[in-house]
Structures are given as C-alpha cells and as structure tokens.
Amino acid sequence: EPYIPKFIEVNYIEGSNDPKWSSTNFPWTKKLEAYNKKVFGNHSFRPNQREVINATMSGFDVFVLMPTGGGKSLTYQLPALICPGITLVISPLVSLIQDQIMHLLQANISATYLSANMEWTEQQEILRELCSDYCKYKLLYVTPEKVAKSDVLLRHLDSLNARGLLARIVIDEAHCVSQWGHDFRPDYKVFSLNLFSTTATASVKEDVVQALGLVNCIVFRQSFNRQNLWYSVIPKTKKCLDDIDKFIKENHFDECGIIYCLSRMDCEKVAEKLQECGHKAAFYHGNMDSAQRAFIQKQWSKDEINIICATVAFGMGINKPDVRFVIHHSLPKSIEGYHQECGRAGRDGQRSSCVLYYSYSDYIRVKHMIIQGQMEQSPWTPGYNRTNMTNSERVLEKNTENLLRMVSYCENDVDCRRLLQLLHFGEKFDSGNCKKTCDNCSKIKTLVEKDVTEIAKQLVELVKITGQQFSSSHILEVYRGSLNQHVKRYRHETLSLHGAGKHLAKGEASRILRHLVTEDFLVEDVKKSDIYGSVSSVLKVNESKAHNLCSSRQTIILRFPSAVKPSKQSKFDATPAKSSLTYGKQSPSPVDTPAQAAQPQSEVD
Ligand code: ADP
Ligand code: MG
Ligand code: ZN
C-alpha cells in the first residue's frame, strides 16, 4: 500500500532554556546521579544531559541536537537502566553498535543487538528472550535495515509493546531517517521516543518528523560551534602530499591525526608517502578484514600509530580525545559529513586543526562516484541504506545537492568558515566571534563587490552555442581567448564570444563559472569517458534557471577579495554599469588546471 505522507504540524517545544528540566527534584534524581557515578563512572553531567534525561523520563518525545562527543548515549542509557522494560535503539552502523555494547557489558548492563549478518540460530535465541516476561535485556540495538526488512522483529516489538515492556525507542543519528524513505512509522504508543542527531538542517528535521509522525516534541539543542577547531581550505595541487607532510611537521609533529581520503587506493598512497616522510602513519578502509582494522584501531589508541589515512568508514564511535588534526585530502560529500569528520578532532577541548585540500576537479570525481554509488558507506554518504529502491532517485538528488553545497563552501574565500557551517545547521553566528580562527577571517583583505551578471550571461551563452559538449576548463579557455591547438580544433576563434573574457584574470573567470555551477545555472554532466574508467564532464545549461538570468530578471553580485598590494589592474569591460571598477589580480589559484576535468582521472577502486 503506497505511503501518503501526512503533513503534520509539529509542535516543537524549546527545552534548552526551560529551567524545569534542570531541576534536581524529580523522583528519579537521586538514582540518576548515583547510577551516573557508579555505573558509568562520571562525576557530573555534561550540558543538556540531565535536561534530556528528565524530559524523556517525564514521558515526552525529545529531539536532541548535540555535536559529536557531546554525550548523547548516556541520555538514553541511564533512563534505560532505571526504567522497567526494554529500550530499542536504532543505530546505523554495526561497528558503532558493537562498540556501544562492549562498553555496556563492561558496565554490567545487559544489552544485545540484532543484525541481518548474524547466524540465524543466534537471532532466534535473542528473539526468544524478547518473548520472555523476564527479558534480561535492558537495551536492544538494531540497524535501520533490520527494522525496515524484518517482519519477525516487528512482530516481536508489537508483542513487547502489548505487554508494556517497550520502554522507549531511541533513534541514534536520526538524520538517517530521511534516507530510509517513508517506510518507518512506528505505531507504538511508546512511553517516549528519543531522537538524536548531530545535524540539524531544516530539511533533515522535516524528514524526520514526516517519517516518524511526531506531534509534540521537546527540542534540546546546543551550539554546533567548536571553538577549539581551526578551519582552513587550501588549494590542492600536485604537491598536495608534500604540503600535508610539511603542514604536519610544522604544526603537529608526532601528534595524533586523521587524514580522510576518497578512495581506498588514496588511503594507501597517502599513508605510504607519509611513512616515507617519517610519520607513524597507517591506512584504514573497508577493503581490510575486521581483524586488520581492529589491529590498526588498537595501535592508534595506544599511540603506536599517529596518523590514520582513512575513508569515512573510520571514526564513528571512536573516542580518542587528543586528535590534533583532521585533514581532508579530498572534497567531503556534504557539509554535515565535513562537520562530523572535523568533529573528531579536539574532543579534549585543546586547539586542533581542520585542513581541507580542495580542487574543483575533485568535485567531478566525487560527483561521478555518487552517481555510481561507489562511495564507502556511511550514514551521511550517498547511497547509504538503500532499503527502498524507489527512493534512490530522491537520495541521489539530495546527495548531489549536498555535494554542491560543499563545493560552494570551498569556493567561498570570503566568509567566515564557522558562519558558513553553522548557517547550514540553521544556527546564527556572528563572525566577529571567530576571532581569526579560520582562514577567511584571518586573511587581511578588503572586499570588492562586483556585478558579474553580464559575464555570467556570456558564459551561459557560450556553453549553449558550443553545443553543451565541453568541459568547464575548455569553456574558460575559449572565453578568455585561448588560441591553443585544442581550442582551434573546434574553430572557436570564429565565435563572437571567443575571447570575450580576455580581460579577466583566470581566477576571476573560473570563480564566476563555478558560481554558475554551484547555483545550478550550469550543470556538470559527469560521465565515464572510456573503458579505463577515467571520468570526464561537460557543462550543460539548466534551462529553467538560466532563463531568469538571460532575461535579465536576475543579477549576480559576487564579492572578490582585493589583494592588499594590487598588482596588474584589470577592467570589467563586460560590466557596463560598473566598468569603472578595477581591482587587483587574484592570487593565481592552483585549482585552475586547464582541461583537468577532461583528462583521465586517477582510477578509483
Ligand atoms: P556522542 O554520541 O554524543 O558523540 P558519546 O555518547 O559517545 O557522544 O560520548 C562521548 C564520550 O563522552 C564518551 O567517551 C563518554 O563516556 C563521555 N561522556 C559522556 N557523558 C559524560 C559525562 N557526563 N561525564 C564524563 N564523560 C562523559
Ligand atoms: Mg553517539
Ligand atoms: Zn571565521
């Protein structure tokens, strides 16, 4: 039966500022504090932990937005321990679940999990225990797939619920719900539903609400700003690995860090190079067996290895407090993912670095991987958990949009990185509070606003009249009047727009073209170009959006940093209204590697 989404008006109640939830006069307060010490070994509560526990123990549905490392687990594990019945925890990664259960068992709390990979007899045994009126488990972990696929499990949950033994449903990483499709709608009148998320974009929240049918919900949120993390985006060149080596030696030598890479091959390559440079580095990815991975993790936790070169598979549930740097060797897939991965640095509150090496050609590469569904699986990566194939188009669209927002973040060399990230999570941030802890804030610069509408129109027109068959770098070459053989071959010199942008510095022209891509006027149409797996991309025009631009209903204003020492001045001829504006040449951007997008990319496994 098709699911028709009900558009429910949800009543969100802000819990964060309500003093009622901080009270120490609840009937369970004494027990709570005692168990927190005795069972979990904590001396106090972290921000919002007591409040969340009090709200859920009072029977409310809660939606908790807390950054990684904030201590979300405790807020459902303590209530699970104190309340009668069993707590169902839906959590996306088996490795994360296993980690949690290990900790719970160490603390003498009876917990187990069900996953499709388990032996059937083992599953049977657990299910049998669930039927017992004296079920020993306090917590049962399952993956979202399991909930979506297993009727047997759902029947057991029904039975637990009917017997009043289902105390609470917890959804860890609730933003994943938006990727389950609309399959999951528990009809249980459970005492309380707890939702945890480390991401809080409006659309994620909306999806969660629709998928779960929330009506009243108390929201606890805290700032996602991590003051001790220093952010920067650095142009990625061919010397990227040397740059990384140098960066670590100068800033974090012999300290602990993670380098996130796009492919398994990259992980191995980067690790090898760093070993040669004298770092204690290792790689970690999904192609290794679990024993190998466990070994690496152990070495890392004992500081026998300092640097892990990993795919996004590494990091969930890893609690090393003294990670001093997180480096992204390639473009992350989304701002959420990026924030999450950076969040693994500096959990001890000490200053730590987050450096992202960015090149536009990585965008083409990642986009292709997304389309191919090749990405290493992680809850906020594309293609994760495709339980519902009819949903895959929606997922693809979302993931390409997420990637585009990430590109836009990297292309932005003007605004505060914190502001940009927090904006994405719906949080207001005054960039004055950044105090020069991001690259854009620490640049000494003055900004010049430019109306680039005419240039933008010409670029769109150029893509159109050349037949929507060329890469962005080729279009830029033609626009800037290149006479090289490649351009000549297509006889572009005869075009009226050939060289129309010759007065523009290369960095300026490409900045505008990329803006047209990130704002969806132009689209990178990515393809595998040959049997060797190289990837190429051609620019296409998104007619519906470009229409407004070309009919002059929309203007495009961009802010350019003007160099402190202006070098060669150039005029914006193509912008009649502002033709008198001049500005310094932008520093040459190494991301402008001509025709790179059209060249074979390194093969991805
Ligand atoms: P999250 O799921 O929000 O990323 P976790 O629940 O995994 O975070 O907790 C992160 C770390 O903080 C864990 O090592 C946990 O033991 C620790 N922790 C949680 N709450 C407290 C507390 N009140 N006092 C001390 N340590 C805590
Ligand atoms: Mg967690
Ligand atoms: Zn800043």
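This structure is a prediction, so every number in the text was calculated from the model and none was measured.

Criteria and cut-off values
- Residues numbered from 1 in each chain as written.
- Chains lettered and ligands numbered in written order.
- Predicted model: local features only at pLDDT ≥ 70, side-chain atom pairs only at ≥ 80, totals over all residues.
- Helix = DSSP H or I, 4+ residues; strand = E, 2+ residues; numbered from the N terminus.
- Buried ≥ 20, exposed ≤ 12 C-beta atoms within 10 Å, placed from the backbone.
- Contact = placed C-beta atoms within 7 Å.
- Core = buried A, V, L, I, M, F, W, Y, C linked by C-beta atoms within 7 Å.
- Near = placed C-beta within 6 Å.
- Nonpolar A, V, L, I, M, F, W, Y, C, P; charged D, E, K, R; others polar.
- Expected span 1.5 Å × (residues − 1).
- Pairing = 2+ DSSP bridges.
- Axes fitted to C-alpha atoms, helices over the stretch in contact; angles between N-to-C directions.
- Parallel < 35°, antiparallel > 145°, perpendicular 65-115°, else oblique.
- Left-handed = near helix turned anticlockwise from the far one by under 90°.
- pLDDT = per-residue confidence, 0-100.

### A look at the overall build of the chain
So, step 1. Counting its regular elements, the chain contains 21 helices and 20 strands.
So, step 2. Burial statistics for the chain: of 605 residues in total, 44% are counted as buried.
So, step 3. Counting contacts in the chain only where the partners sit at least 6 residues apart, residues at least 24 apart contribute 77% of the total.

### Concerning the nonpolar core
So, step 1. If you look at the biggest cluster of nonpolar residues, it comprises 62 residues, and the most contacted ones within it are Ile259, Ile308, Cys309 and Ala310.
So, step 2. Considering each element in turn, this core owes the most residues, 6 residues, to helix α13 (residues 360-372).
So, step 3. Counting 45 residues, the second-largest nonpolar core is a separate cluster that includes Phe60, Met66, Ala111 and Ala174.

### Quick notes on the site of ligand 1
So, step 1. Every one of the 14 residues lining ligand 1 counts as a neighbour, but Asn42, Gly70, Gly71, Lys72 and Ser73 are closest to it.
So, step 2. Ranked by residues supplied to the shell around ligand 1, first place goes to helix α3 (residues 72-82) with 3 residues.
So, step 3. A per-class count over the shell around ligand 1 returns 3 nonpolar, 9 polar and 2 charged.

### Remarks on helix α20 (residues 506-518)
So, step 1. Given a rise of 1.5 Å per residue, 13 residues ought to cover 18 Å, and the 18 Å separating the end C-alpha atoms of α20 matches this to within 8%.
So, step 2. Three or more residues of α20 are buried, namely Glu508, Ala509, Ser510, Arg511, Ile512, Leu513, Arg514, Leu516 and Val517.

### As for the pairing of strand β3 (residues 86-90)
So, step 1. Burial of β3 is extensive: 5 of the 5 residues sit out of reach of the surface.
So, step 2. Burial along β3 is two-sided: Ile86, Leu88 and Ile90 and Thr87 and Val89, pointing in opposite directions, are all buried.
So, step 3. For β3 and strand β6 (residues 166-171), the ladder comprises 5 bridges, and the chain directions are parallel. Bridged to valine 89 within β6 is valine 170.

### A short note on the packing of helix α17 (residues 453-465) against helix α18 (residues 472-479)
So, step 1. Where α17 meets α18, the closest approach of the two axes is 10 Å, and the angle between their N-to-C directions is 110 degrees. Between α17 and α18, the crossing angle belongs to the class labelled roughly perpendicular. Like other packed secondary-structure pairs, α17 and α18 cross with a definite hand, here right-handed. Where α17 abuts α18, its residues Leu459, Leu462 and Val463 lie against Ile475, Val478 and Tyr479.
So, step 2. Residues that form the contact of α17 with α18 fall into these classes: 6 nonpolar, no polar and no charged.

### Here we look at the sheet that holds strand β12 (residues 307-310)
So, step 1. Taken in spatial order, the 6 strands of this open sheet run β9-β14-β13-β10-β12-β11, and their pairing is parallel. Unpaired on one side and paired on the other, β9 (229-235) and β11 (281-284) mark the two borders of the sheet. Mean inter-strand twist for the sheet, computed between neighbouring axes without regard to direction, equals 15 degrees.
So, step 2. One ladder, built from 4 bridges, connects strand β10 (residues 256-260) with β12; its direction is parallel. When the sheet's bridge partners are listed, isoleucine 258 is paired in β12 with isoleucine 308.
So, step 3. Its contacts with the sheet place helix α10 (residues 264-276) against β10, β11 and β12, and it is angled at close to 175 degrees to β11.

### Let's talk about the confidence of the model for the chain
So, step 1. Taken over all residues, the pLDDT of the chain has a mean of 82, while the share at 70 or more is 81%.
So, step 2. Overall, residues 376-390 carries pLDDT values under 50, and its contacts beyond four positions in sequence, including any with other chains, amount to 50 contacts.
So, step 3. The model gives residues 564-605 a pLDDT under 50, and that stretch makes 92 contacts with residues more than four places away or in other chains.
So, step 4. Prediction confidence for the complex, expressed as pTM and ipTM, is 0.71 and 0.98 respectively.

### Here's the deal with the sheet that holds strand β2 (residues 62-65)
What links the strands of a sheet is backbone hydrogen bonding, and the strands pair in either a parallel or an antiparallel sense.
So, step 1. Here we have 8 strands laid out as an open sheet, ordered β1-β8-β2-β7-β6-β3-β5-β4, and parallel in their pairing. Bordering the open sheet on either side are β1 (11-14) and β4 (111-114), each of which pairs with just one other strand. Direction aside, the axes of adjacent strands within the sheet are offset by 20 degrees on average.
So, step 2. Along the sheet, helix α4 (residues 94-106) makes contact with β4 and β5 (139-142), crossing β4 at roughly 160 degrees.

### Some details on the environment of arginine 347
So, step 1. Residue placement: arginine 347 occurs in the loop between α12 (335-342) and β14 (352-358).
So, step 2. Arginine 347 sits 279 residues away from threonine 68 along the chain, and the two C-alpha atoms are 8.7 Å apart.
So, step 3. Residue contacts for arginine 347: discarding those within four places in its chain leaves Gly69 and Pro321.

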